[in-house]
Amino acid sequence: MSTVYSFLKLNHYIRSIRVKLFGIWMLHCMGRRYFGLFLDPVLACNLRCRMCYFSDKNKRKNMKGALKETDLPLLARAFFHRALKLQIGCGAEPSLFRHNRKLIEMAKSCRVPYISMTTNGNLFSRADIHELVAAGLDEITLSLHGVRRKTYEYFMPGASFDKFLSTMECLTEIKSGFPSFKVRLNYTVNQDNLMELQDLFSILGQYKFDILQIRPIQQMGDTNYCNFSWNVIYDAYDRILEPLKINCRRQGITLLMPEKEDFLKTENKDTRIVDATYFYVRQGYFWQDDFDLNTETYESYAHRKHLSWRLLKSVFSKPAKAGEKRHLNYKVN
Ligand code: SF4
């Protein structure tokens, strides 16, 4: 298991949020790496997945813009030396960005411990993937909304199941040349694609992947598919998801999935850890509204805004509540 997944596992076992926040404050003061840098280099996507805001015409109108090549050295100078992980592609499709190789090389030269990219994989050629892995990409996550061709292509309009399978084949080949390179599948589950998780290993078993994340559907706007209920998933948990756990364990695959009782929790989670460690970046927005990428670094901003004091104060403050989105605990199995 990679350091990042071991860290996630440890994070799950330390129950006290105050202890975790204290640890974050210490890491900040000691000049150590502690946050994840989540970057959308392009705010666009080639697909219109039915559960995603890219299927919402009004939301899509606001999704535009891309980082410039000249932003990359500024980002590296500002954040890379303190980032534990660089996540390329969070809420849009990074394969549309033309400077991914350069971005990865820069992160590698700044010794970011884990560089991951989330993509639908439909635009990448074999040569593209090979180039990114050779540049230092540690992990590719493929988004997947169905295990069977019909479901995959229904929930991901514009995507080709054949292309997905050929990408899996290519990643399987690449893994033999780069043994530490990880392949992860992110499966967004709803009541209509839940049952076919039973077929996951019979359909994809010939390909190599290391991590599987099962993500229950979340409401993301006025999306084309709008059955957001988790009731069916909860009711079928023992029948469908428990056997998946056993299968993943047998195959040595790390499974990230909420526990059954998490589906019943309606109160929002305390977001203080996420607030402290989730650094989001896109064109025109760099972690904070008032962060000036041209002149500032993490340290100068932290000094200007008394971040050390704010982090320490958060250890003793009341829980911070999230907005409408329901936050789940993903257990590392
Ligand atoms: S590939 Fe990802 S970002 Fe693109 S539409 Fe599908 S879910 Fe949304």
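Residues numbered from 1 in each chain as written. Predicted model: local features only at pLDDT ≥ 70, side-chain atom pairs only at ≥ 80, totals over all residues. Heavy atoms only, no water.

### Side note on the site of the ligand
Lining the immediate environment of the ligand, one finds Cys45, Leu47, Cys49, Cys52, Phe54, Asn120 and His145. For the shell around the ligand, the class distribution of residues is five nonpolar, two polar and no charged. (Near = heavy atom within 4 Å. Nonpolar A, V, L, I, M, F, W, Y, C, P; charged D, E, K, R; others polar.)

### Considering the pairing of strand β4 (residues 139-144)
A large share of β4 lies buried, amounting to six of its six residues. Burial along β4 is two-sided: the face carrying Glu139, Thr141 and Ser143 and the face carrying Ile140, Leu142 and Leu144 are both buried. By the bridge criterion, four bridges tie strand β3 (residues 114-119) to β4 in an arrangement that is parallel. Looking at the pairing, serine 116 lines up with glutamate 139 of β4. (Buried < 20%, exposed > 50% of the residue type's maximum accessible area, 1.4 Å probe, protein only. Helix = DSSP H or I, 4+ residues; strand = E, 2+ residues; numbered from the N terminus. Pairing = 2+ DSSP bridges.)

### Points about the side chain of serine 314
As for its placement among the helices and strands, serine 314 is situated in helix α14 (residues 307-316). The exposure class assigned to serine 314 is buried, which follows from its relative accessible area of 15%. Leaving out residues up to four positions away in the same chain, serine 314 has contacts with Leu21 and Arg272. (Contact = heavy atoms within 4.5 Å.)

### Topic: a nonpolar patch on the surface
A contiguous nonpolar patch, built from Phe22, Met26 and Met30 and spanning about 280 Å² of accessible area, is present on the exposed surface. Note on placement: methionine 26 falls in helix α2 (residues 17-29). On the basis of relative accessible area, methionine 26 is assigned to the partly exposed category, the value being 34%. (Patch = residues over 30% accessible without salt bridge, like charges linked within 9 Å, V, L, I, M, F, W, Y side chains within 5 Å. Areas by Shrake-Rupley, 256 points an atom, 1.4 Å probe, with all protein chains shown as cover. Salt bridge = Lys/Arg side-chain N within 4 Å of Asp/Glu carboxyl O.)

### Some words on the sheet that holds strand β6 (residues 211-216)
Within the open sheet, the 10 strands sit side by side as β9-β8-β1-β2-β3-β4-β5-β6-β7-β10. Their pairing is mixed. For this open sheet the edge positions go to β9 (285-286) and β10 (331-332), each flanked by a neighbour on one side alone. By the bridge criterion, five bridges tie strand β1 (residues 35-40) to strand β2 (residues 83-88) in an arrangement that is parallel. Following the sheet pairing, glycine 36 is matched in β2 by lysine 85. Across the face of the sheet, helix α5 (residues 100-109) comes into contact with β1, β2 and β3 while running at roughly 175° to β2. Here helix α8 (residues 161-177) sits on the sheet and contacts β4 and β5 (182-189); the angle it forms with β4, its principal contact strand, is near 160°. (Axes fitted to C-alpha atoms, helices over the stretch in contact; angles between N-to-C directions.)

### What to know about the environment of cysteine 45
Among the structural elements, cysteine 45 can be located in the loop between β1 and α3 (57-61). On the basis of relative accessible area, cysteine 45 is assigned to the buried category, the value being 17%. Taking C-alpha positions, cysteine 45 is 9.5 Å from arginine 60, a pair spaced 15 residues apart along the chain. Apart from the residues lying within four places of it in its own chain, the contact partners of cysteine 45 are Phe54, Glu93, Leu96 and Asn120.

### Details of the pattern of salt bridges
When the charged atoms of two side chains with opposite charge come close together, those side chains can pair. Here the structure, examined in full by the defined rule, presents 15 salt bridges. In this structure, lysine 260 and aspartate 238 form a salt bridge, with 3.1 Å as the shortest nitrogen-oxygen distance. Here aspartate 238 lies in helix α11 (residues 237-251) and lysine 260 lies in the loop between β7 (254-257) and α12 (272-277), a separation of 22 residues in the sequence. Residue classification places aspartate 238 among the partly exposed positions, given a relative accessible area of 46%. Where lysine 305 meets aspartate 290, a salt bridge forms, and the shortest distance between an N and an O atom there is 2.8 Å. Note that lysine 305 is positioned in the loop between α13 (298-304) and α14 and aspartate 290 in the loop between β9 and α13, a separation of 15 residues in sequence. Since its relative accessible area comes to 28%, lysine 305 is described here as partly exposed. Ionic contacts of the salt-bridge type, sharing partners, join the residues Arg101, Glu105 and Glu131 into one network.

Purely spatial values, then, with no claim about function.
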